[in-house]
Amino acid sequence: MLIRPGNDDLLLIIDVQNDFCPGGALAVADGDAVVPVINRLAERFDHIVLTQDWHPSGHSSFATSHPGANPFDSVAMPYGQQTLWPEHCRQGTAGAAFHPELVTDRAGLVIRKGFRSEIDSYSAFFENDRHTPTGLAGYLRDRGLRRIFMVGLATDFCVHYSAVDARRLGFDTVLVESGCRAIDLAGSLDAAWAGMAEAGVQRVNDL
Ligand code: VGL
Ligand code: ZN
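Everything numeric here is computed off the predicted structure, so don't read it as measured data.

J.: Which residues make up the overall build of the protein chain, and what are the values?
T.: Scanning the protein chain for helices and strands turns up four helices and eight strands. Ordered by position from N to C terminus, the α and β elements of the protein chain give β-α-β-β-β-β-α-β-α-β-α-β. Relative to its length of 207 residues, the protein chain is compact, with a C-alpha radius of gyration of 16 Å against a globular reference of 17 Å. Considered along the principal axes of its C-alpha atoms, the protein chain spans approximately 50 × 30 × 30 Å. Taken across its 207 residues, the protein chain has 53% of its residues classed as buried. Excluding contacts between residues fewer than 6 apart, the proportion of contacts in the protein chain whose partners are at least 24 apart in sequence is 74%. Accessible surface, the protein chain as shown: approximately 9,100 Å² in total, 49% of it carbon and sulfur. Here the protein chain contributes 17 positive and 26 negative side-chain charges, whose respective centroids are spaced 7 Å apart.

The structure is reproduced here in structure tokens:
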């Protein structure tokens, strides 16, 4: 299938940051392989938004903030179950920076998320209470952008949540698989594919 990005299309690049790449604190296998793919795709889009996972020290999604807990445990938070992670993407650190080869110059907006201590945010649209908006939907509507092509890290967490929320908000949503890599924690990737298919997210290998 040939899909040509047009004037009401957005490329949403999720969390292509050092900590999610090999050598990083929460490395996704082969995570840096998305960089050349995304750079090539980005040349074809007039509208580009980046997200940046951006946690304060002591963030409640860090296992170190929960005595006795280990990374990848799940705990009950006031807004629902939350997976605990190794400390990652701390504000201002090298790990939180975008991958040095990611071409970011043409992006019109960087949405930072997960910057409130008491709540995590996987999705580019809502925090993990699935309710508190980041402002991205308003930006897209103001700009008349209606279809979103998504790439980035990780397929089964931040890309997955962003894609399902985009559909919930009424945006046409296309996940470009060659520009994504997954964490795959206890079946999370299979669950993500099922959830995205049910939400009506289109899946293509490349553009
Ligand atoms: C992510 C876990 C924790 C992601 C962010 O970008 O998918 N995953 N923070
Ligand atoms: Zn995070």
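On we go from here.
J.: Which residues make up helix α3 (residues 155–168), and what values go with them?
T.: Within α3, 10 of the 14 residues are buried, which leaves it mostly tucked inside the rest of the structure. Buried residues of α3: T155, D156, F157, C158, V159, H160, S162, A163, D165 and A166, and no others. Taken together, the buried residues of α3 touch β1 (9–14), β5 (109–113), β6 (147–153), β7 (172–181) and α4 (188–199). One or two residues past the end of α3 sits G170, with phi positive at roughly 95°.

J.: Describe the sheet that holds strand β8 (residues 202–204), listing the residues and the values that go with them.
T.: Pairing in this open sheet of six strands is parallel, and the strands run β5-β2-β1-β6-β7-β8 from one edge to the other. Edge positions in the sheet fall to β5 and β8, since each has one partner strand and no second. Between one strand axis and the next, the sheet turns through 25° on average, direction left out of account. The pairing of β7 with β8 spans three bridges and is parallel. Paired with V176 across the strands is V204, a residue of β8. Relative to β7, helix α1 (residues 34–42) is tilted by about 140°, and along the sheet it contacts β1, β2 (48–53), β6 and β7.

J.: An account of the coordination of the zinc ion (ligand 2) is needed here, citing residue identities and associated values.
T.: For the zinc ion (ligand 2), the full set of protein donor atoms is D53 (OD), H55 (NE2) and H88 (NE2), at a range of 2.0 to 2.2 Å. Around the zinc ion (ligand 2) sit four donor atoms, and with donor-metal-donor angles ranging over 88 to 170° the site reads as irregular. Motif for the zinc ion (ligand 2), donor spacing along one chain: D-x1-H-x32-H. Linking H55 in the loop between β2 and β3 (74–77) with H88 in the loop between β4 (80–83) and β5, this pair joins segments that are 33 residues apart in sequence. A relative accessible area of 0% means that H55 is categorised as buried. Given the relative accessible area of 3%, H88 is considered buried.

J.: Tell me about the pattern of salt bridges, residues and numbers included.
T.: Counted under the stated rule, the structure contains 11 salt bridges. Across the salt bridge formed by R116 and E127, the nearest N and O atoms sit 2.3 Å from each other. Linking R116 in the loop between β5 and α2 (136–142) with E127 in the loop between β5 and α2, this pair joins segments that are 11 residues apart in sequence. Classification of R116 by relative accessible area gives partly exposed; the value is 32%. Put simply, E177 and R203 hold a salt bridge, and the shortest N to O gap is 3.0 Å. Highlighted residues: E177 in strand β7 and R203 in strand β8, separated in sequence by 26 residues. Looking at E177, the relative accessible area reads 28%, which means it is partly exposed. Here the salt bridges do not stand alone but share partners, grouping D15, D53 and K113 into one network.

J.: Run through the packing of aromatic side chains, naming residues and quoting values.
T.: Aromatic rings considered in pairs are described by the distance between their centres and by the relative angle of their planes. On inspection of all chains with the given rule, the structure shows seven aromatic pairs. Taken together, the aromatic side chains of F72, W85, Y122, F157 and Y161 make up a single cluster linked through ring pairs. For R112, the ring lying beneath its charged end belongs to W54, and the centroid distance is 3.7 Å. Residue placement shows R203 over the ring face of W193; its charged tip is 3.5 Å from the ring centre.

Definitions and limits used
- Numbering of residues starts from 1 in each chain and follows the order in which that chain's sequence is written.
- All chains are assigned letters beginning at A, and all ligands numbers beginning at 1, according to the order in which they are written.
- Thresholds applied to this predicted model are a pLDDT of at least 70 for local features of residues and 80 or more for the giving and counting of side-chain atom pairs; totals over whole chains, interfaces and linings are not thresholded and use all residues.
- Water and hydrogen atoms were dropped before computing side-chain values, which therefore reflect all heavy atoms in the structure.
- Helix and strand assignments come from DSSP, with helices taken as H or I runs of at least 4 residues and strands as E runs of at least 2, each series counted from the N terminus.
- Our radius of gyration looks at C-alpha atoms and nothing else; its globule reference is 2.2 Å times the residue count to the power 0.38.
- Each residue is assigned to one of three classes by its accessible area relative to the maximum for its type, calculated with a 1.4 Å probe on protein chains only: buried under 20%, partly exposed between the two thresholds, exposed over 50%.
- Note on contacts: a residue pair qualifies if any of its non-hydrogen atoms lie within 4.5 Å across the two residues.
- The protein chains shown are the only cover counted for residues, whose accessible areas, like all others here, come from Shrake-Rupley with a 1.4 Å probe.
- When charges are counted, Lys and Arg contribute as positive and Asp and Glu as negative, whereas His and the chain ends are disregarded.
- Think of each charge as sitting on NZ of Lys, CZ of Arg, CG of Asp or CD of Glu.
- We treat two strands as partners when DSSP finds at least two bridges between them.
- Helix axes use the C-alpha atoms of the stretch in contact, all axes being lines fitted to C-alpha atoms, and the angles between their N-to-C directions lie in the range 0 to 180 degrees.
- Only nitrogen, oxygen and sulfur atoms within 2.8 Å of the metal, or 3.2 Å for Na, K and Ca, are treated as donors, and water is left out, so sites may look incomplete.
- Square planar and octahedral assignments, for four and six donors respectively, both demand that opposite donors be over 155 degrees apart and that all other angles lie between 65 and 115; tetrahedral needs four donors with all angles between 85 and 135 degrees, and anything else is irregular.
- The salt bridge definition used is simple: a Lys or Arg side-chain nitrogen within 4 Å of an Asp or Glu carboxyl oxygen.
- Pairing of aromatic rings covers Phe, Tyr and the six-membered ring of Trp, with a centre-to-centre limit of 6.5 Å; geometry is then stacked below 30 degrees between planes, edge-to-face above 60, and tilted otherwise.
- Only lysine NZ and arginine CZ atoms are considered, and such an atom sits over a ring when it is within 6 Å of the ring centre and within 35 degrees of the ring normal.

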